[in-house]
Each structure stands twice: as C-alpha cells, then as structure tokens.
Amino acid sequence: MLKQIIFAASLLITLGVFAWTMWKIFSYMKFTKPYPIKNYAKRFGIMMEVAIGQTKIFRKPVIGLLHALVFWGFLVILIGSIEMVIDGLFGTERILAVMGPVYDVLFASGDIFAFIIAISILVFLFRRIFMHVKRFYGVEMKKISKADANLALTIIFVLMITLLGMNTFYVLHAEQSGHEVLGVYPVSEYFAAFFSHLPDHSIFVWHEINWWAHILLIFLFANILPYSKHFHVFTSVPNVFLSRLQPYGYLDNMPAITKEVKLMMEPDAAFASPAEGEEETVERFGVLDANDATWKNYLDALACTECGRCTSVCPANITGKLLSPRKIMMDLRARMKEKGPGLVKEGVEYSDNKSLIRDYISEEELWACTTCNACVQECPVNINQPAMIVDMRRYLVMEESAAPGELNSIFTNIENNGAPWQFSPEDRMKWAEDVNLEIPLMANKLAEEKIPEYLFWVGSAGAFDDRYKKVSREFVKILNHLGVDYAVLGTEETDSGDVARRAGNEMLFQMQAMMNIEIMNGYEVKKIITCDPHDYNTFKNEYPDFGGNYEVIHHSQFLAQMLKEGKLNLNDTFNGQKITFHDPCYLGRANGEYKAPRDVISALPATNVEMARCKSFALCCGAGGGQMFKEAEKGNKEVFLERIEDAIDTKADIVATACPFCMVMMTDGIKYKNKEEEMKNFDLAELISQSMKL
Ligand code: SF4
Ligand code: SF4
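Described below are features of the structure shown in this document.

Cut-offs and rules
Residues numbered from 1 in each chain as written. Chains lettered and ligands numbered in written order. Predicted model: local features only at pLDDT ≥ 70, side-chain atom pairs only at ≥ 80, totals over all residues. Pairing = 2+ DSSP bridges. Helix = DSSP H or I, 4+ residues; strand = E, 2+ residues; numbered from the N terminus. Right-handed = clockwise from strand over helix to strand, strands pointing away. Near = placed C-beta within 6 Å. Nonpolar A, V, L, I, M, F, W, Y, C, P; charged D, E, K, R; others polar. Contact = placed C-beta atoms within 7 Å. Axes fitted to C-alpha atoms, helices over the stretch in contact; angles between N-to-C directions. Expected span 1.5 Å × (residues − 1). Buried ≥ 20, exposed ≤ 12 C-beta atoms within 10 Å, placed from the backbone.

Consecutive residues of a regular strand have side chains that alternate between opposite faces of the sheet. Sheet topology places strand β1 (residues 454-457) next to strand β3 (residues 527-530); four bridges connect them, and they run parallel. Counterpart to Tyr-454 in the pairing with β3 is Lys-527. For β3 and strand β4 (residues 551-554), the ladder comprises four bridges, and the chain directions are parallel. Residue pairing for β4: Ile-528 is matched across the bridge by Val-552. Handedness of the crossover is the feature at issue here: the chain leaves β3, passes through helix α24 (residues 533-542), returns alongside β4, and the resulting connection is right-handed.

This part covers the site of ligand 2. Around ligand 2 sit 15 residues in total, of which Cys-304, Cys-307, Cys-310, Arg-326 and Cys-379 are the nearest. Listed by contribution, the elements that provide at least two residues to the shell around ligand 2 are α11 (309-313) and α13 (325-346). Counting residues per element, the shell around ligand 2 draws most heavily on α13, which supplies three residues. Partitioned by chemical class, the residues of the shell around ligand 2 number nine nonpolar, two polar and four charged.

Cys-314, Cys-369, Cys-372, Cys-375 and Pro-386 are the nearest of the 15 residues found near ligand 1. Secondary structure elements with two or more residues in the shell around ligand 1: α12 (315-318), α16 (374-378) and α17 (385-400). Here the residues of the shell around ligand 1 sort into 11 nonpolar, four polar and no charged.

We now examine the sheet that holds β4. The strand order across the open sheet formed by four strands is β2-β1-β3-β4, and the pairing between neighbours is parallel. The two strands at the open ends of the sheet, each matched to only one other strand, are β2 (486-487) and β4. Helix α25 (residues 555-564) rests against β3 and β4 of the sheet, and its axis sits at about 80 degrees to β4.

The subject of this paragraph is α17. Residue pairs three or four apart in sequence face the same way in an α-helix, which turns once every 3.6 residues. The terminal C-alpha atoms of α17 lie 22 Å apart, and with 16 residues this matches the ideal 22 Å at 1.5 Å per residue to within 8%. With 14 of 16 residues buried, α17 is to be regarded as a mostly interior element. Looking at the residues trailing α17, positive phi occurs at Ser-401, about 50 degrees.

In structure tokens form, the structure reads like this:
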C-alpha cells in the first residue's frame, strides 16, 4: 500500500508540473496568429508516413535507421510504461499480461528494442562527443544546446538500462520463487544468467530499484523535456500531422493584401464583405516578432529537434553565410520564451523593446535565403523554414521598405516595366525579332475568334535575358516544328511576380498576379507552357488563390511527352557526349519533377551522368528567392561555384539546365572556373532543337 501511495503522489506531482508547463506554452500560443487546419484524412496519411514511418529520416540511411529504431522502440516501450503506471497505482503485477500472446510479442519486442536503443544512444553520444559531425556545430549550437542533447541522451540510456535491469531481475525473481514468467524477454533472459547466483532477496531488491528508477526517471524526463530540444518527443508527431499540405513551392496567401490590391484595382470591392479567412484589421504585415508568427510556427519551433539536417544542406550556410534554418527555429523558440511571460502578464501591447528580427535574427540572415526548400525537404518533422523567412522579409519590405537596394530597384522595374530589368514593356517581343519564325499572338488569335490550345508564357527572362532569349527562340522552333496550336501574349505579358513574392513584396506580387490572371482569363487560357520553373510554380500553385486556374506545363514535361509520343525524331548532334542535369529547385523540390528532364536527356544519343547531389538532394544554383538580382551576402564562397564544382566533378561535356536563373549561374560558374573549353551549358530546349530532324 505504501508503494501505491508513494507512486500516486509521484504521478500526481509529475502530471501537475507537466500540466503547468503545457498551460504556460498554450498561454503563449494564444498571442500568435491563426493557422487554419483542414483535410484531416490527408494529414493522417502524412503523419503515418513521415512521423510514424520515419521516411524522411531515411534520407541518411545508416544513422536514419538507428533513429527510426529508437522512435519505433519508444512506441512499443510506451505500452510497458502504461502498464507500470497501472501496476503502480493498483498494486498489480504485469497487469497487461491478460493480453496473452499479444503481450508476449509486445514485451519481447520492447525488450529487444530497449537493447537496440541503448546501443543506438551510445552511438549517438559517441558521434556527438568524439566525432566532429558538422551539423552539430554552428553559432546557434551553444554549449547549453550540446549539454542539453547529451543529458537527454544519457537519460534515455539509463532508462533503457533500468528497463532491461527490471526485466532481468523480474525473470530471475519469478523463476526462483516458482512463479510463471509473464511475457517473453529474449535479451533480459540472456542477461539473467549472469545474475542467477544472487539470492532471491537481492534479486527482489534489484528489481525494485530498477522498477522505481525507471518510472521515476520517466516522470522526471517528462518534465525536463519541455525545457529541452527533446520536447520533440511530444511535439513532433502532432507537428507532422499539422504540417503544410501544399507543394513546397507554395507560399501562403495574405488575404489582407489581397483586399488592398483589389481595392486598388477595383474600388467597388471596398464595399464588399470580407471573404472567409480575411482579416478585418491587420496589425502588421509579415513577422517582426515571435507573436506575429502563427501558432503553428511556434509549434514548429517547439518540435525542432536541432538535428541540423536543414542547415547541413542550406546553400547559404554551406557557403559560409550567416543563415542557418535551424537557427531561425531556435531563435523563434527562444524569443517566445523571453517575451511570452510579458505577453501573458500585460497582454498583446506588451513590449520589451526587442524583436525577433534584429535582436535574434539579422537582416543579413534573412536576405541570404534562396528559398530553395532544401531545408524543408530534409526536416524530419516537416518544418517549413523558408515560409517563415519570407514572412519576415514581408515585414521588412512592406512595413519598413528595408529590402536591399538592388531588390528595391527590381520592385520598381517590375512595377513600371513589368520585368525585373529596366526594359520597356514595348520591347517584350524583341526576343523574336531576328528569327524567321511565325509566332502567333493571343490578340490576333482572338481577332480570328480562335482560342489556341496553349499559351506559351515566355516570362521576363525569356523575353529580356540575352542568353535565355535564345532558349525562347529554340523552344518556339520546336513548337512550330510540331505544329502545336499555341500563342504568346506579346507585349501584354508582364512579370509573374514570383521574384517579388519571394523577396517579400507581397503587394507587388498580388498586383502582378491579378493583372496576369485578368488577361489570361480574358483569353480563356486553359493550358500554359513555360520554360521558367519559377513561373511554372507560381502559376500552378499560387495563381489559383486569385482565380487563375490553369493546367501548367514546364517545357521539360512537354518535351518529354512529345518524345514519348514519338513526335520528335533526333539526330546524333550530341552523340557520345556526357550530359549532367542540374535540377532547378522550383521544378524539382518545389514540384517533385525529376523524371521529365532526365527522360529528355535519355532520348539523346548521349550519356546522362548524375552529380553527387542530384534530384531532391540537388544543391541550389544560388539564384532563387531574389538572389539573382542582388549581391550575395558575405560568406566564403558563391553558391554557384559550389554547384558548378558538382557538375565539373562529373567530367560531363554539357551541364543541362531547364531554368533561366540556373542557366545564368551555371554559365557564370563555367566561366569563373575557366572551363569554357571543356564544358558547355545548354537548356533542354536547345539540346532538342539542335538535334531535331527537320
Ligand atoms: S530555403 Fe534554402 S537557402 Fe533558404 S534556409 Fe532553406 S536551405 Fe537555406
Ligand atoms: S528545423 Fe527540422 S531539420 Fe532543422 S534542425 Fe530543426 S528539426 Fe532538424
């Protein structure tokens, strides 16, 4: 009875302290912004795949397997812990044994898992303490973070040892006192042989010591966790369940901006009632401080395991810039911990004259992001770091006009000229001038009362960038050769707004989007082909939020389809050449298209060689997220150089690209490395048009 009383008191204290901590966290969350949740069935599927199946962890197969075993082991061992609580409260012994054979299987698995976890923890500790694993280091990884990780791992190790100890002495005690052993314990039965010489009384005492040590350590651990990075033990599964469902390339809409843009474009809308999800009053555009973020952002920060998988693949971080996506999450958590008590005490008006931007995260960090989504791809708990970064850029741009000067220039250019460069919108068809091709215009088609099957969206780079103008011409040659029913918008085309959005100028993006949608819908456009993966992404994933619903096709997909259908016959122009393909982030990671470009290359009489970092592991070229138009932040290397080295390592003759920005970066990289003799850069459209049998 005394044991039960002590146990009940310990449990009560544990639950009380835990509830108090949770209340504190929830009370901070109350000050954050909303995050709508729908589509529970899909969420459940993602949770089963990513959280329970641990699929993302396996991107690093060896260490991933150990982590996955630890996680799965915990799930099984949890059943044993529940049994201990029931036994502790009611004075029963191995109460769940009534489950019979199921119990045997579960507890045998738990016993084996305890051993595997103990070994895995030793490996993790060894890696952390004795091996210089780069991702465990960084400015954000203070001594306390490392100590925290090591403490938690040590506690888990002791938990497993006490669990095995408890099972070992239970088996011995049952055998020596002539009782039936409830459950099966393959590992502990093996260890039991080493202690069989002990008298029964000692065995009983050792069992009790291990039992109490194990359960009290669980109680203690449960209350340490919320204050450590290992809080993810509780938060990671719900965080994955609540993760964003859209493709990585999608950025959340800002309904308040939509309202303002609509007001500018159609003043009558001023009197319309707010749409669902639209806010009547907006305190601030974007995120300045922790409480400007959504509660899901805060949950992300609490779920961050500090594993550094994101930072280890971040092109900005790899090349020595200050940005670390892990730090963004850790800073958000730390800032909320600092500001939360004040908010709870004094309400939303509370200020300590500090903010997340500048006091924790510098502008330099924020402007270094290429929005390549490599971090999102790696994060085992499905955190979307660039969305948070863009939200902070939105604050800087729309509240403070504090974008880097070059970005302010491109905003002005887009606003005035409909392109990031200083070209007249009237010159938008000049790319097609010195080529003897008939390029139909949508306006002419309309005059003939025809609706072409496809709109070929040339894009700002396709219309104005000297190198990419050539790609536009080559692609049109293919379209004409195939007799495709298409047209272009000509001078009616204006920038898609993709760069403006990723650089934080949501207002400009939405203005561009709404203008384009009005024009495209006016022409009853149904299908868009584009050579630009950034425009492809924004049309496909973001324009639907504003009433632009189209079937969007990237030219690599179109070419792959034409080749598959046997509509393009190729000659041996590239016979015997080695080609390596650089995956554009906005085609690959953002939209999961890795196959089409490779299908195009394999149709050529050439050899496709992969870079060490390819497909979803591909390194960004360094141009996304507005980087194309500004000086890179201080670091030890340019991203495009890091990437071109991957290409050079393959010893390929050609680095193939399928994006205007990637083309600029790869071409620059080849020049910088003096490899112009050995390596050429072609877009897929050029490879096909140059090999096409006419
Ligand atoms: S999106 Fe790319 S550049 Fe930005 S933080 Fe993530 S990995 Fe780094
Ligand atoms: S954000 Fe994700 S990948 Fe990055 S450290 Fe945290 S858990 Fe790991």
